[in-house]
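Reading the structure
Listed here are the chains, written in short residue letters.
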Amino acid sequence: MEFSCVTSSSSKPHVLAVDDNLVDRKLVEMLLKKSSCKVTTAENGLRALEYLGLVDEQENSLDSNESKVSMVITDYCMPGMTGYELLKKIKESSTTKGVPVVVMSSENIPTRINKCLEEGAQMFMLKPLKPSDVQKLTCNLAN
């Protein structure tokens, strides 16, 4: 089996996968689950913020939100809120700023990649994701 890097803790890493494209979202979910991750999906940035408890109306952010997810993986191009905007909101919040965010895109645009990395993205990956890409992600979660 090629996935040799597994987290040492007994609990599975929990990844929030955000993508407006159903096929891409299901692919990411399947690859992450094969790598022993618990996966929650969201179809857009607003749904992701709601799940993370970062929507303005939800001022009751509890301590449990701090460890709600181990990582967020988001598409860059989404209607309403881009992956870059989602990344900024996650990094601006005291409860989620330590959560690694991976941005993915089907377009290889160096300025976009650099902008995301400068804003605090852990990694930028090109779509479609491959099992080897997910192996890199799960190894990062383990360390």
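Details of the structure are given in the entry above.
Chains are numbered independently. Their residues run from 1 in the order of the written sequence. It should be noted that, the model being predicted, local features are given only for residues of pLDDT at least 70 and side-chain atom pairs only at 80 or more, the latter also being counted only at that level, while totals for whole chains, interfaces and linings use all residues. Derived side-chain values reflect all non-hydrogen atoms in the structure, with water molecules and hydrogen atoms excluded from consideration.

Concerning helix α1 (residues 22–34)
Owing to its 3.6 residues per turn, the α-helix aligns residues three or four sequence positions apart on the same side. In this description a helix means any DSSP run of H or I spanning at least four residues, a strand means any run of E spanning at least two, and both kinds are numbered starting from the N terminus. Take the number of residues in a helix, subtract one, and multiply by 1.5 Å to get its expected span. With 13 residues, α1 extends 18 Å between its outermost C-alpha atoms, agreeing within 8% with the 18 Å of an ideal straight helix rising 1.5 Å per residue. For α1, every residue scored as buried is listed here: R25, V28, E29, L31 and L32. In a view along the axis of α1, the buried residues occupy a sector of 165 degrees, so they form one face of it. Along α1, the residues that are exposed and aim more than 90 degrees away from the buried face are L22, V23, K26 and K34. Between the side-chain oxygen of the N-cap and the backbone nitrogen of V23 there are 2.9 Å, and the N-cap of α1 in question is N21. Relative accessibility thresholds used throughout: buried, under 20% of the residue-type maximum; exposed, over 50%; partly exposed, between the two (1.4 Å probe, protein chains only). Of all possible arcs, the one meant is that of the directions from the helix axis to the C-beta atoms. Polar contact is the term for a pair of N or O atoms within 3.5 Å; when the atoms are in protein, one must be able to donate a hydrogen and the other to accept it, and sequence-neighboring residues count only if both atoms are side-chain atoms.

Here's the deal with empty space enclosed by the protein
If a probe as big as a water molecule is rolled over the atoms, it shows which places are left empty. Cavities and pockets were defined on a 1 Å grid built over protein atoms only: a cavity is a set of grid points that admits a 1.4 Å probe from which the probe cannot escape, a pocket is an open set flanked by protein on both sides within 12 Å along at least five of seven lines, and lining residues are those with an atom within 4 Å of any such point. Grid points are joined across faces, edges and corners, and a volume is the space filled by probe spheres set on the points. Inspection of the entire model under this criterion finds one cavity of 30 Å³ or more. Here the largest cavity is characterised by a volume of approximately 40 Å³. Lining the largest cavity are D19, D24, L27, V28, M104, K127, P128 and L129. When residues in the lining of the largest cavity are grouped by element, the largest group, three residues, is from α1.

Points about the packing of aromatic side chains
The way to describe two aromatic rings as a pair is by their centre distance and the angle between their planes. Within 6.5 Å between ring centres, the rings of Phe, Tyr and Trp (the latter by its six-membered ring) count as paired, and their orientation is classed by plane angle as stacked under 30 degrees, edge-to-face over 60, tilted in between. In total, this model carries zero aromatic pairs according to the counting rule given. Here the guanidinium or amino end of K68 rests over the ring plane of Y51, the centre of that ring lying 4.5 Å away. Whether a charge sits over a ring comes down to the Lys NZ or Arg CZ being within 6 Å of the ring centre and within 35 degrees of the ring normal.

Considerations on the sheet that holds strand β4 (residues 101–105)
Here a strand pair is declared whenever DSSP counts at least two bridges between the two strands. If you walk across this open sheet you meet the five strands as β2-β1-β3-β4-β5, and the pairing is parallel. Looking at strand neighbours, the two that pair on one side only are β2 (38–42) and β5 (123–126), the edges of this open sheet. Along the sheet, successive strands turn relative to each other by an average axial angle of 20 degrees, direction set aside. Pairing analysis gives four bridges linking β4 to β5, with the strands arranged parallel. All axes are obtained by fitting lines to C-alpha atoms, using only the stretch in contact for helices, and the reported angles, taken between N-to-C directions, cover 0 to 180 degrees.

Some remarks on the packing of helix α2 (residues 45–52) against helix α3 (residues 83–92)
Where α2 contacts α3, the axes come no closer than 10 Å and their chain directions differ by 20 degrees. In terms of orientation, α2 lies roughly parallel with respect to α3. Between α2 and α3 the crossing geometry is right-handed. On α3, the residues touching G45, A48, L49 and L52 of α2 are L86, K89 and I90. Note on residue categories: nonpolar means Ala, Val, Leu, Ile, Met, Phe, Trp, Tyr, Cys or Pro, charged means Asp, Glu, Lys or Arg, and polar means any other residue, Gly included. For the contact of α2 with α3, a count of residues per class yields five nonpolar, one polar and one charged. Note that the term roughly parallel is reserved for angles under 35 degrees, roughly antiparallel for angles over 145, roughly perpendicular for angles of 65 to 115, and oblique for everything else. A clockwise turn of the near helix away from the far one marks a right-handed crossing, whereas an anticlockwise turn of less than a right angle marks a left-handed crossing. Only heavy atoms matter for contacts: two residues are in contact if any of them lie within 4.5 Å across the pair.

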